[in-house]
Amino acid sequence: MTTYDTRESPDETTLFSYHDLDPPTLADVYEARRVVGRYLPRTPLVRSEYLSAELDADVYLKREDTLPTGAFKVRGGINLCATLDEEFTDPGLVAASTGNHGQSVAYAGRAFDIPVLVAVPGDPNPDKVAAMERFGAEVHPHGRDYDAAREWAEEQAREHGYRYVHSANEPKLVAGVGTAGLEVVEELPAVDTLICPVGGGSSAAGYCLTVGQTTDADVIGVQSENASAMYHAWAEGHLRPREDAETYAEGLQSRVPFALTTRLLRDHLAEMVLVGDDRIREAVEAMLREEHLLLEGAACASVAAALERREELAGQTVVLQISGKNLATSKLREVLCGDGD
Ligand SMILES: *Cc1c(COP(=O)(O)O)cnc(C)c1O
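Residues numbered from 1 in each chain as written. Predicted model: local features only at pLDDT ≥ 70, side-chain atom pairs only at ≥ 80, totals over all residues. Heavy atoms only, no water.

K.L.:
Got a minute to help me understand the sheet that holds strand β7 (residues 138-141) in this structure?
P.N.:
Note on sheets: strands pair through backbone hydrogen bonds, and any given pair is parallel or antiparallel. Taken in spatial order, the four strands make up an open sheet running β7-β6-β5-β8, and their pairing is parallel. Two strands in the sheet have a free side with no partner beyond their single neighbour: β7 and β8 (163-164). (Pairing = 2+ DSSP bridges. Helix = DSSP H or I, 4+ residues; strand = E, 2+ residues; numbered from the N terminus.)

Below, the structure written as structure tokens:
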């Protein structure tokens, strides 16, 4: 068995010698598309009559919830697994995830016949765990939150030689998820503003490389007020972790800002905004009621941010990244019965 050394990490998340912190480029996104396009369908870009009327703007939804795992991240998982060094195919991959990153790696691992172990927080979204297991991954609950699970995953990689798939410090993941941005540019080059939720920042970084660099559009990132590590890193120019990241939108949960994506966002993101968890929860409800779309909290952060910026967005062509649909059944029940909290 080969073991892999860890190296000094700029952002307090252990990096292994195979992790490359050089930001990917637009050319890398084009290269990723040749791979991703063979395994995944293009996702629809659909005008929202409800939000267009609410905002007095031309609002389109980039429907990443329609991908086979129900979230955009699978684009990155496919790109990483398709180009993985052969030495890693046994013993396979380990990842830490609140659910969607794990589903992405599990789905891609199954497609390329690579074993996958996923560490999840001790109190995970059970629907996301079931989905990861359905894709053939082994799931291990550990610790109080995403970051505790992440530390456990790093330890497994060190001890057993798994390839640790970081959720953000992976150029292949960022280039893979960036393929969504190429689709937006091709269909709607007149976009003025693209709004994207930010957890670890891979998705927003992908839109910066594509929509941000090839159109006149501003790319705006959104975090929850309760999980704002990347917001502070971006605004203040450091990589300091926060004490907490307890948010309704578990897809945005991270106490630690990540080096690779922070660098890309500081170079290219027009703005980063924070929205309250209550606004996110209301946006989940509104999208279900008005658009008949079942979306998870993280995806509705972009909707909530757009509704809070209606004055600036009026008259514009706006794209909202709809990042995923994996709302826990318990939260769906709250939405339907109106007994949130
Ligand atoms: C992971 C995730 C996000 C955040 O994406 P990052 O690339 O980590 O910033 C947003 N929405 C959903 C549904 C996610 O799964």
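K.L.:
Looking at this model, I keep getting lost on the site of the ligand. Mind explaining?
P.N.:
Around the ligand lies a shell of 15 residues, among which Lys73, Gly199, Gly201, Ser202 and Ser323 are the nearest. Measuring from an oxygen atom of the ligand, one finds a backbone N or O atom of Ser203 at 2.9 Å. Within the side chain of Ser323, one N or O atom sits 2.6 Å away from a nitrogen atom of the ligand. When its residues are assigned to classes, the shell around the ligand shows four nonpolar, nine polar and two charged. (Near = heavy atom within 4 Å. Polar contact = N/O pair within 3.5 Å; in protein donor to acceptor, adjacent residues only side chain to side chain. Nonpolar A, V, L, I, M, F, W, Y, C, P; charged D, E, K, R; others polar.)

K.L.:
It is not clear to me how the pattern of salt bridges should be interpreted in this structure. Could you clarify?
P.N.:
Where side chains of opposite charge bring their charged atoms close, a pairing between them can arise. Enumeration over the complete set of coordinates arrives at 26 salt bridges. Ionic pairing is found between Arg150 and Glu154, a salt bridge with its closest N-O pair at 2.8 Å. Of the two residues, Arg150 and Glu154 are both situated in helix α6 (residues 146-160); the distance of four residues between them amounts to about one turn of the helix. On the basis of relative accessible area, Glu154 is assigned to the buried category, the value being 3%. Connected through shared salt-bridge partners, Arg144, Asp145, Asp147, Arg150, Glu154, Asp244 and Arg255 make up one network. (Salt bridge = Lys/Arg side-chain N within 4 Å of Asp/Glu carboxyl O. Buried < 20%, exposed > 50% of the residue type's maximum accessible area, 1.4 Å probe, protein only.)

K.L.:
How should the sheet that holds strand β4 (residues 58-63) be read in this particular structure?
P.N.:
The six strands lie next to each other as β3-β4-β12-β9-β10-β11, forming an open sheet whose pairing is mixed. Strands with a single pairing partner mark the edges of an open sheet, and in this sheet they are β3 (45-47) and β11 (271-275). Pairs of neighbouring strands in the sheet enclose a mean axial angle of 25°, with direction left out of account. Where strand β9 (residues 193-197) lies against strand β10 (residues 218-224), five bridges are found, and the strand directions are parallel. Residue pairing in the sheet places Thr193 in a bridge with Asp218 of β10. (Axes fitted to C-alpha atoms, helices over the stretch in contact; angles between N-to-C directions.)

K.L.:
Would you explain the pairing of strand β6 (residues 116-120) in this entry?
P.N.:
The buried count for β6 comes to five of five residues, which makes it a mostly enclosed element. The side-chain alternation of β6 yields two buried faces, one formed by Val116, Val118 and Val120 and the other by Leu117 and Ala119. Strand direction decides the pairing type here: strand β5 (residues 93-96) and β6, joined by four bridges, are parallel. What sits directly across from Ala96, in β6, is Ala119. In terms of handedness, the path from β5 via helix α4 (residues 100-112) over to β6 forms a crossover that is right-handed. Inspection of the sheet shows β6 paired to β7 by four bridges, in the parallel sense. Looking across to β7, one finds that Leu117 is bridged to Glu138. A crossover links β6 with its parallel partner β7, the connecting element being helix α5 (residues 126-134), and its sense is right-handed. (Right-handed = clockwise from strand over helix to strand, strands pointing away.)

K.L.:
For this particular structure, what's the right way to read the UniProt feature "domain: Tryptophan synthase beta chain-like PALP" (unreviewed entry) in the chain?
P.N.:
In this numbering, the UniProt entry assigns the feature "domain: Tryptophan synthase beta chain-like PALP" (unreviewed entry) to residues 42-324. Within residues 42-324, the helical portion is 46% and the strand portion 17%, while the C-alpha atoms at the span's ends are 15 Å from each other. (UniProt positions renumbered as here; feature names shortened; annotations may be inferred.)

K.L.:
Sorry if this is basic, but what is going on with the domain arrangement of the chain here?
P.N.:
Often, the extent of an interface is quoted as the loss of accessible area on bringing the components together. Assigned domains within the chain: domain 1 (26-71 + 172-335) and domain 2 (74-168). Put simply, the middle of domain 1 and the middle of domain 2, counted by C-alpha atoms, are 22 Å apart. Taken over both partners, the interface formed by domain 1 and domain 2 buries close to 2800 Å², and the fraction arising from carbon and sulfur atoms is 56%. Summed over the three residues of domain 1 that lose the most area to domain 2, namely Thr69, Leu173 and Arg255, the buried surface amounts to 23% of that side. Counting across the interface, domain 1 meets domain 2 through seven salt bridges. A salt bridge links Asp147 to Arg255; its shortest N-O distance comes to 3.8 Å. For the pair domain 1 and domain 2, the number of links is 16 residue pairs in polar contact (both at pLDDT 80 or more). (Domains from an automatic or database assignment. Buried area = accessible area lost by both parts, 1.4 Å probe.)

K.L.:
Can you walk me through the packing of helix α1 (residues 26-39) against helix α3 (residues 74-82) in this structure?
P.N.:
What describes two packed helices is the angle between their axes and the distance between those same axes. Two elements in contact, α1 and α3, have axes separated by 9 Å at closest approach and are oriented at 110°. With respect to each other, α1 and α3 are oriented roughly perpendicular. Judged by residue contacts, Ala32, Val35, Val36 and Tyr39 of α1 engage Arg75, Ile78, Asn79 and Ala82 from α3. (Parallel < 35°, antiparallel > 145°, perpendicular 65-115°, else oblique. Contact = heavy atoms within 4.5 Å.)

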